[in-house]
Every structure is written in C-alpha cells, then in structure tokens.
Amino acid sequence: MNNNGHHRRHFEFAEYRLNPHERLLTKNEKRVALTPRILDLLIVLVEHDGELVTKEALLDSIWADNFVEEGNISRAVSTLRKNLGTQANGSDFIETVPKLGYRFVAPVVEGTDDVAIPTPANGTSVGSRKILLAGGLIAFLMITGLGIFFWHRQSMETAKLLLIDPSAAIRLTDDPKHDTIPRWTEDGRLRFWRIDGKTRHAESLIMNADGTDQTKVRDSIGTWSPDGSKVIFTKVGDDKGPYLANSDGSNEVALPFLRANFDWSADSTKIVYQARTEDKSAEIFIYSLDTAKKVNVTNHPAFDADPSFSPDGKQIAFASGRDGNTEIYLMNSDGTNVRRLTNHPAWDNHPVFSPDGTQIAFPSDRENENSNVFLMNTDGTNIRRLTDWPTNETVEPGCWSPDGTRIAFFSDRDGNDDIFVIGAEVEQPGLVLADEANNISYPSYSPDATKIVYQAELPDKTGEVRILDLVTKQSRFVVKTQNVDVAPTFSPDGTKIVFQNKLGSNTEICLIDLNGSGLQNLTNNAARDGAPSFSPDGSRIVFSTNRDGNSGKYNLYMMNADGSDQRLIYSAPDGMSGSAVWSPDGMSVLFANDFAMDGNFEIFRIAAEKTGTAERLTFRPRADDTPAISPDGRRIAFSSNTDGNWEVYIMNADGTAQLRLTRNPANDGMPHFSPDGKKIIFSSDRSGKHAIYEIEIPR
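Residues numbered from 1 in each chain as written. Predicted model: local features only at pLDDT ≥ 70, side-chain atom pairs only at ≥ 80, totals over all residues. Heavy atoms only, no water.

Section: the overall build of the protein chain
Part 1 of the reasoning: When you go through the protein chain residue by residue, the secondary structure sums to five helices and 56 strands.
Part 2 of the reasoning: When burial is assessed residue by residue, the protein chain has 54% of its 699 residues classed as buried.
Part 3 of the reasoning: Taking as baseline every contact in the protein chain between residues at least 6 positions apart, the subset at least 24 positions apart corresponds to 39%.
Part 4 of the reasoning: Carbon together with sulfur atoms contributes 49% to the accessible area of the protein chain, which is approximately 30600 Å² in total. (Helix = DSSP H or I, 4+ residues; strand = E, 2+ residues; numbered from the N terminus. Buried < 20%, exposed > 50% of the residue type's maximum accessible area, 1.4 Å probe, protein only. Contact = heavy atoms within 4.5 Å. Areas by Shrake-Rupley, 256 points an atom, 1.4 Å probe, with all protein chains shown as cover.)

Written as structure tokens, this is what we have:
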C-alpha cells in the first residue's frame, strides 16, 4: 500500500461484519443500530474471541468513567444478545461464565481493509468543505423547519448519558462523609459540599457529571455564581460570614446577611436569600451586587423561606407557612402577585425552576412520610413524583442540568447523604415505529387517525415517503424522493399527500395519491419551494419560498390546491419565514421567523387572508420551530433548542403556559397532534436512529 493509506481491521461472524475503527456493525450489509456502550461491549468481546473476559476487565475497559454495579454488565450483555439474535444452530453468540464473566463463542474471521486518505486538490481540508456546504444547507432547512435534527451531533459526554436509563437514579458519590447541595456548572459538571458528620468540617468539591474526578476546590463550603466568576463562602473557624469574592479569591467582601438558603440570579448579578427578622420569623430578601443593597420582598409575618429565581429573574418561587402549612408559592421578583402553587397537608419546600422556566422541582413528604422529589408545572398543575424511595431525597437551587434533562439531588438512603442524578422525563414517550436501517421522521396522522405518513432517509441520502397503517401495524412505500427532507402531510380528506421534493435542480411542492400514483408538481417555479401545509377545507396550500429576488430570504406564499393563483401572503423586511401551518378554523397561519433579528427563530401568527403585522407568540433564546396546532385550536406544540438540544414544547394558543414535554439528551422534534388532540407524535434519535414516538399531553 502507498503512503496515502493505512490498514483497518474488521471482524466477520455469521451474517455480521464489525468495523471497530468506524464503529460500525452491519448485518447482510445493513447497518445495525447499537448504542455506544453496547457497541463498546461487542468490540471488546469480539476482539477477545473465544477468550474469557472477566467482569472486572469489562468494568475497567467500558465503564471506567462511571460508578456502576455488576448488574449494569449483565443488562448490557442481555441487550447485546437481543440485538444479535442467535446463530444458525440456535445458540447464543455470547456465553456466560458464571461468577466470572463472558466469552464470545461464535466463529470470528479477522481481516483488514486498505483505506486511502484523501488529499484535497485546492488545499482546503475535507472537514472545512463539509462545514461550508452544510452551512448553506442548514440555512434553508432551518427556515423550512425540516431535517433540523439530523445534523446536530451530541458530544461524547451526552452520548454516554443517552445510555443511562432515564427512569433510574444513578449514584455519583460514595463517601463516609455527607455529600450534599449539588449544583451544575455551565460546562456540565457538578459542584457539591462534603461535610464530616463528626467534626463538622466542610469542603467544596467539583466532579464530572458521571461522578468521576472528584476534586477539592475549597477547604470550606462555597457556592459559585452561574457564570463561575463569583463565590459565596464561609471560612473555617469564622462565624462572621458569609463572604463574597471573585472565583480566584480576590476582592473579598463580607456580606450583610447570615448564610441561609439562597439562590443566584441567572445573570449572576443578584442573590435572593432568606433571613431572620427581629420578630424571629423569616423573610426573603434580594441583594444586588451592583448596589450592595438588600430589599425585603415578602414583608409578611409568616415564615417565608427557600427562595429561588426563575431563569429570567422575573419571578421567585419560595416556601411559606402563611396559610397554616408549608406550601410552595410564586411571586414577581419585586414581591407582587403572590400566588399559591401547592395545597397539601405535607411539607412542600425548596422549589427550583427548570432551566427553560416551565417546571418546578421540589421535595415533599406528601407520600410515605418521607421526602421525595416532585415536579409540577409553574402554575401548580400536573404534580408528579420523580423519586420513590423509603428515604429522604432533597433538591436545592442548581439541581437541574443545563439542558434540563436531569436533576441532581442528595439522599440518605445508605445512611449518610450521597449525590444522585435522575432523568427529569417523568412521562416517557412510547415508541411507535423504528427502522433498523434508516432514519425516519416528520410523522403526521391521517384525518381519521388510522394512518401515519412519514419520511425515511436511505443510506444513499435519498428519501422515501411511507405510510404506516395503525390497524395492521405495517408500513408501505408511497414514492421515492431525490432528497431526504420532504415534510409529507395528508390532505384534509385523507386521499392525498402533499410534500416537497427536489425535481431536477430545484425543490417543488408536489401532490400524490396514497397509492403512489398521480404525482403532480404544483409550484413549477425555478425558486426553492418547501414546507407545504393544506388549509383545513383543503382548498389552499401555504408554503415557503425564496422566489422574490433574494435566494437567502424566504417568504410565505399561498396557492390553490391545484397550484393556481400563487401569491405572496407575508414578507418580513429582513427575516425568513417557514414551517407554516393553518389554524383549525382556517382564519390564521402559524409560522417560524427570525425577523426579530435577535439571533433566533420564534413562533408567529398572521391572518390567513389579510395583510397586517405578525403576532409574536414566543420570546425565548435560540430557536423555536415547527409549530403544530391542536384540533380544537387551543394549544400549540413546537420544537425548541432553548436548552441546547431539541425538545418538544406545548403552550396555549396565545403563547402562555409554555411547558416542555420531553426531557432527554437526544433530539426530539417535528410534533404533530393526534386527531383527538390527546397525544403528540414526534421524531427522536433517543434510540440511536431517528424513530417515531408518541407522548400523551398532560391535562
């Protein structure tokens, strides 16, 4: 082989071929989707073909960065066995050696491949060219709301977290001392306190999100600001604190209050805290770092405690006994508009907002007379229990991971306090349809709820429109498409499918019968037309296009169902419009647009047949996209990456009462309501490839 290449090993067994370097397992030349940890397990076993691999060796090589038990190995092996099936003779590929480990027993043939290293002719790296090409593609796809979830690649850390059972609590610390008050950092690590129960000596530590690399930071307890620039701390042997300093210890000043339960504002400029007053009750104060002044925001004779800021700093959640029992309350940050969220004879306390501001976590002893972690909406509705142990679990400000998918808490289940993390997705979606070989996405129901139309991404990067029959549970092919992202939806009468497809050199709006016949090009325009949506009566179609002289700017157009009378209905001066859908009454159109020029897409509404300004419904960081409207017109579902990864949200039709429905490190999006309005179907890559899931809508 010449100097422009190298050798790579591969292994073949039964119908399988394993390429460790590419991290690829194929069966009869079709990709087999395995999670990263399960693939690691297979590689180790196959590389030691016929040899015993002990449990200790597997823990060291695969789970070296996690605190796990042997049960994790057995569950992983069981999952791998299910994925591989059995050999031709009916026996397993993997043999269990009781009390010792496992052995790969299928015959394995090892080979090598010659792999050439490409040299770019123009001096530009291959990676750079891919980025440049992807930039133009993503720009359009973000506009139309199509395919946005295929290009987002999880970090290695997030990929590991995908392997954690979302419903299981994972123990991170195991020390004879008490580990408490975990707080996430912006880079996804955890700060916490370690306290000696006998000497009461305390210190501050930081660790990775999986519990590894536990490192002492300060020989006293400290609480860092969200941006990491400041720290509030006490000094060993000093009862005058707390003190405020820069994170490096410089510019130390004494704070004018005693250390008590408190929280930082998200912008690190304010501190909300509880303090005893002269009558020995407790009030809630806000201290401003800019002015060095404090303000009492409760001024109530009852005991008010455990305050925490909302992400935007406009509200404060707190616990109060003002109505005779300790409950959770919410108020504006100036102390106005106090309202009660919980109403239970138990002790509800320590409320903490989720990073997206749509839910609150809090501990309560309302069940089994011990403290568990609960979640509720910010209006006090839909209270659900997250932990269910016969011990005491507590959350504090900073307990939510930055992406809102996990909650860190401390528990005394093993005698002393230890830190655990648990997935925050209480109501887990159910899998509707998966394809081992292909990504499938953009699902939507037929009007009679008997079918789902969706798009499939094939290995050659072409696509297919398919229909899943919900009665027979069988999928069938409708039409081959030149591009992957086609956004298929049913016509209101359920007899046709409208979608976008690249015909020749540009994308057009197409219509086709359910059996794949009668394909029509409705737009026939040299511009790029996409994201079509039928009006409720089936007479009109709204779509996005860049046909108005600026190829980088997309406006909303409308046409009759036969493609006639194509006309502009909305154009923002500088923004781009797409992902349009109709309201059930046909009077308005919802769409995503970035014309606010604040760097993110938001959800807007316009009148369908009248000119005028657009009504903005969301005001959130990053992107809100792909809106869908419930059949009764009362609620809107949409996709958002506010917390870093794409999730499904729901809100009232006027933009109020926003709630995050999914909380998973994977990418969830492209929501669509069921015809009865009780469920939302969406696409997610939480199982490795994009598949179709369904979640019930909380009432």
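Having put the structure on the table, let's press on.
Looking at the environment of T54
Part 1 of the reasoning: Structurally, the position occupied by T54 is in strand β5 (residues 53–54).
Part 2 of the reasoning: The partly exposed category is assigned to T54, whose relative accessible area is 28%.
Part 3 of the reasoning: Residues T54 and R103 lie 49 residues apart in sequence; the distance between their C-alpha atoms is 8.7 Å.
Part 4 of the reasoning: For T54, the residues in contact, after removing those within four places along its chain, are L100 and G101.

Focus: the nonpolar core
Part 1 of the reasoning: Counting residues in each nonpolar core, the largest one holds 29 residues, and the members touching the most others are F13, L18, L25, L42, L80, L84 and F104.
Part 2 of the reasoning: Within the residue set of this core, elements represented by two or more residues are β1 (5–13), β2 (16–19), α1 (36–47), α2 (55–62), α3 (70–84) and β7 (101–104).
Part 3 of the reasoning: When residues of this core are assigned to their parent elements, the largest contribution, eight residues, is made by α1.
Part 4 of the reasoning: The contacts of L42, once residues within four sequence positions are left out, are F13, L18, L25, L34, L80, L84 and F104.
Part 5 of the reasoning: With 16 residues, the next largest nonpolar core counts L190, I195, F410 and V421 among its residues. (Core = buried A, V, L, I, M, F, W, Y, C linked by side-chain atoms within 4.5 Å.)

Comments concerning a negative patch on the surface
Part 1 of the reasoning: A cluster of acidic residues, E186, D227, D267 and D290, forms a negative patch at the surface.
Part 2 of the reasoning: Position of D267 relative to the elements: it lies in the loop between β18 (262–264) and β19 (270–276). (Patch = residues over 30% accessible without salt bridge, like charges linked within 9 Å, V, L, I, M, F, W, Y side chains within 5 Å. Salt bridge = Lys/Arg side-chain N within 4 Å of Asp/Glu carboxyl O. Lys, Arg positive; Asp, Glu negative; His and termini not counted. Charge placed at Lys NZ, Arg CZ, Asp CG, Glu CD.)

Quick look at the pattern of salt bridges
Part 1 of the reasoning: Across all of its chains, the model carries 37 salt bridges by this definition.
Part 2 of the reasoning: In this structure, D323 engages R340 in a salt bridge whose closest nitrogen and oxygen atoms are separated by 3.4 Å. In this pair, D323 sits in the loop between β23 (315–320) and β24 (327–332) while R340 sits in strand β25 (residues 339–340), placing the two residues 17 residues apart along the sequence.
Part 3 of the reasoning: Look at D323 and you get partly exposed, because its relative accessible area is 45%.
Part 4 of the reasoning: Assessed through its relative accessible area of 32%, R340 is described here as partly exposed.
Part 5 of the reasoning: Residues participating in the shared-partner salt-bridge network are D356, D643, E647, R660 and R663.

A closer look at the sheet that holds strand β49 (residues 615–616)
Part 1 of the reasoning: As summarised here, the arrangement of the four strands in space is β46-β47-β48-β49, forming an open sheet in which the pairing is antiparallel. One side of each edge strand has no neighbouring strand; the edge strands of this open sheet are β46 (577–582) and β49.
Part 2 of the reasoning: Here strand β48 (residues 602–607) pairs with β49 via two bridges, running antiparallel. The residue of β49 that forms the bridge with R605 is E615. (Pairing = 2+ DSSP bridges.)

A few points about the environment of A169
Part 1 of the reasoning: Positionally, A169 belongs in strand β9 (residues 169–171).
Part 2 of the reasoning: For the pair A169 and F420, spaced 251 residues apart in sequence, the C-alpha to C-alpha distance is 6.2 Å.
Part 3 of the reasoning: Aside from chain neighbours lying at most four places away, what touches A169 is W389, F409, F420, V421 and I422.

Remarks on the pairing of strand β51 (residues 635–640)
Part 1 of the reasoning: Counting buried residues along β51, five of its six residues qualify, which places the element largely inside the surrounding structure.
Part 2 of the reasoning: Pairing geometry for strand β50 (residues 624–629) and β51, over four bridges, is antiparallel. Within β51, the position partnered with D624 by the bridge is S640.
Part 3 of the reasoning: Counted along the chain from β50 to the antiparallel partner β51, the turn is five residues long, and its residue G633 has a positive phi close to 75 degrees.
Part 4 of the reasoning: In this sheet, strand β52 (residues 647–652) lies alongside β51 in antiparallel orientation, the contact comprising six bridges. In the sheet register, A637 faces β52, and the bridge partner there is I650.
Part 5 of the reasoning: Hairpin remark: β51 followed by β52, antiparallel, with six residues in the connecting loop; positive phi at G644, about 110 degrees.

Observations regarding the sheet that holds strand β35 (residues 451–457)
Part 1 of the reasoning: Taken in spatial order, the four strands of this open sheet run β34-β35-β36-β37, and their pairing is antiparallel. Looking at strand neighbours, the two that pair on one side only are β34 (439–445) and β37 (474–481), the edges of this open sheet. Sheet twist, expressed as the average angle between the axes of neighbouring strands with direction ignored, equals 25 degrees.
Part 2 of the reasoning: Strand direction decides the pairing type here: strand β36 (residues 463–469) and β37, joined by seven bridges, are antiparallel. What sits directly across from R466, in β37, is F477. (Axes fitted to C-alpha atoms, helices over the stretch in contact; angles between N-to-C directions.)

Considering α2
Part 1 of the reasoning: Buried within α2 we find K55, L58 and I62. What you see down the axis of α2 is that its buried residues fit within an arc of 60 degrees, all on one side.
Part 2 of the reasoning: A side-chain oxygen of the first residue of α2 lies 3.1 Å from the backbone nitrogen of A57; this N-cap is T54. (Arc of directions from axis to C-beta. Polar contact = N/O pair within 3.5 Å; in protein donor to acceptor, adjacent residues only side chain to side chain.)

Observations concerning the confidence of the model for the protein chain
Part 1 of the reasoning: Overall, the prediction assigns the protein chain a mean pLDDT of 86, with 88% of residues at 70 or greater.
Part 2 of the reasoning: Low pLDDT, under 50, characterises residues 115–164; the predicted model gives this stretch 90 contacts beyond four residues in sequence or across chains. (pLDDT = per-residue confidence, 0-100.)

Structural notes on the side chain of S674
Part 1 of the reasoning: Among the secondary structure elements, S674 is positioned in the loop between β54 (668–673) and β55 (679–684).
Part 2 of the reasoning: The exposure class assigned to S674 is buried, which follows from its relative accessible area of 4%.
Part 3 of the reasoning: The contact partners of S674, leaving out residues within four places of it in the chain, are Y445, P631 and K679.

Considerations on unusual backbone geometry
Part 1 of the reasoning: Here the phi dihedral of N299 falls at roughly 45 degrees; this positive angle occurs in a residue that is not glycine.
Part 2 of the reasoning: Within the secondary structure, N299 is located in the loop between β21 (293–296) and β22 (304–309).
Part 3 of the reasoning: Assessed through its relative accessible area of 56%, N299 is described here as exposed.
Part 4 of the reasoning: The backbone of K473 shows a phi angle near 65 degrees, a positive value even though the residue is not glycine.
Part 5 of the reasoning: Relative to the helices and strands, K473 is located in the loop between β36 and β37.
Part 6 of the reasoning: For K473, a relative accessible area of 59% gives the class exposed.

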